[in-house]
Amino acid sequence: MPDLPDRRLNAYRPDLAEERLRGIVEAANYVSGSPAIISAPVVQMRARPELDCGTDTELLLGETVHVFDSAGGWAWVKADFDSYVGYVPDYAVSPVVHSRTHIVTAPRTFVYSGPDLRFPTVQALSMGNRIAVIDERETRGTRYFLLEGGQAVIANHCAELGRPLFGDYVSVAARFLETPYLWGGRSGFGIDCSGLIQLSMMMTGKTAPRDTDMQAKGLGTAIARDELRRGDLVFWKGHVAIMLDERTLLHANGHTMNVALEGLEDAIARIGWLYDQPTGYRRP
């Protein structure tokens, strides 16, 4: 019996599968999915429609998905950005109504009830959140972008979509220093090792697979350890880190439980007794 496609990147169940898998997997019905958009700042995606199921990844405000099914308070979706498949709460998915015009570039920022930093906050946003700006206003020297309903965000915490955001993904990753480690996290509120790489690269206009094993197989090209330089990646089984320079790593890790700096040799010695030596090195 042939191996089934990776369930993380292919939507199939006995009763339903995405149309492109017709003839590859067996299902009672096949659908193309309906386009939709994520309507909450950060949404956890799970392998099963159960609250006690661990988080596989997270979707961010304004990211688009295709919805294959919606039942029991859950939507079964596939992310357009990285093709990840899973279940999210159905309240966090909405029809695509307004196009997003800007993206949050600060690790974290706030939505205010109006264009004044002294006004109450109504929501917190993460880097990578996409918003629809309808106007802008300056109040006491601070420029704000206005959202639907009169809410506002700090203008210099955002950038227009379609324009260059950052040139160096390592510098983006370094902005997350001391951000809490979160398994499956992919935002400024909590992030894991592969999520840090994917989000940082996304902010430079590059794409990266979501999980460590995917990145180790298909991101960039393999290099030797003695070739390591800034921006290269070091992989262990289930973990990945970014080279800040020839001797220092930057990574979200469960040892310090945050995004931290660590010497390469120190990390290899510390991780080695649990997970053995690095499995490979790659240059994105």
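In what follows, the structure referred to is the one given above.
Reference entry: report on the structure contained in this document. (Residues numbered from 1 in each chain as written. Predicted model: local features only at pLDDT ≥ 70, side-chain atom pairs only at ≥ 80, totals over all residues. Heavy atoms only, no water.)

Within this model, the largest pocket holds a volume of roughly 410 Å³. Taken together, 19 residues line the largest pocket, and the ones lying closest to its centre are Leu 61, Arg 100, Ala 132, Leu 147 and Glu 148. For the lining of the largest pocket, the per-class residue count stands at 11 nonpolar, five polar and three charged. Taken as a whole, the second largest pocket holds about 340 Å³ of empty space. As for the second largest pocket, its lining consists of 17 residues, and the residues nearest its centre are His 239, Asn 253, Gly 254, His 255 and Tyr 275. Of all the elements in the fold, those that place two or more residues in the lining of the second largest pocket are strand 23 (248-253) and helix 4 (264-275). Here the lining of the second largest pocket takes five residues from helix 4, the largest share from any one element. Looking at the lining of the second largest pocket residue by residue, the classes come out as nine nonpolar, six polar and two charged. (1 Å grid on protein atoms, 1.4 Å probe; cavity = no way out; pocket = protein on both sides within 12 Å on 5 of 7 lines; lining within 4 Å. Points joined across faces, edges and corners; volume = space filled by probe spheres on them. Nonpolar A, V, L, I, M, F, W, Y, C, P; charged D, E, K, R; others polar. Helix = DSSP H or I, 4+ residues; strand = E, 2+ residues; numbered from the N terminus.)

Summarising the element assignment, Asn 156 is placed in the loop between strand 16 (152-154) and strand 17 (158-160). Asn 156 gets classed as exposed once you look at its relative accessible area, which sits at 62%. For Asn 156 and Thr 142, which are 14 residues apart along the polypeptide, the C-alpha to C-alpha distance reads 9.0 Å. (Buried < 20%, exposed > 50% of the residue type's maximum accessible area, 1.4 Å probe, protein only.)

This next bit is on a nonpolar patch on the surface. Together, Trp 273, Leu 274 and Tyr 275 make up an exposed nonpolar region whose accessible area comes to about 420 Å². By the element assignment, Leu 274 lies in helix 4. (Patch = residues over 30% accessible without salt bridge, like charges linked within 9 Å, V, L, I, M, F, W, Y side chains within 5 Å. Areas by Shrake-Rupley, 256 points an atom, 1.4 Å probe, with all protein chains shown as cover. Salt bridge = Lys/Arg side-chain N within 4 Å of Asp/Glu carboxyl O.)

What follows deals with the pattern of salt bridges. Enumeration according to the criterion identifies 21 salt bridges in this entry. With its nearest N and O atoms 2.8 Å apart, the salt bridge here joins Glu 262 to Arg 270. A residue is classified by how much of its surface remains accessible, and Glu 262, at 15% relative accessible area, is buried. For Arg 270, a relative accessible area of 21% translates into the label partly exposed. Bridged by salt links that share partners, the residues Asp 6, Arg 8, Asp 211 and Asp 213 form one connected network.

What follows deals with the sheet that holds strand 17. The three strands lie next to each other as 13-10-17, forming an open sheet whose pairing is antiparallel. Of all strands in the sheet, those with a lone pairing partner are strand 13 (130-131) and strand 17, marking the two edges. Bridging between strand 10 (residues 102-104) and strand 13 involves two bridges; their strand directions are antiparallel. Within strand 13, the residue paired with His 102 across the bridge is Ile 131. (Pairing = 2+ DSSP bridges.)

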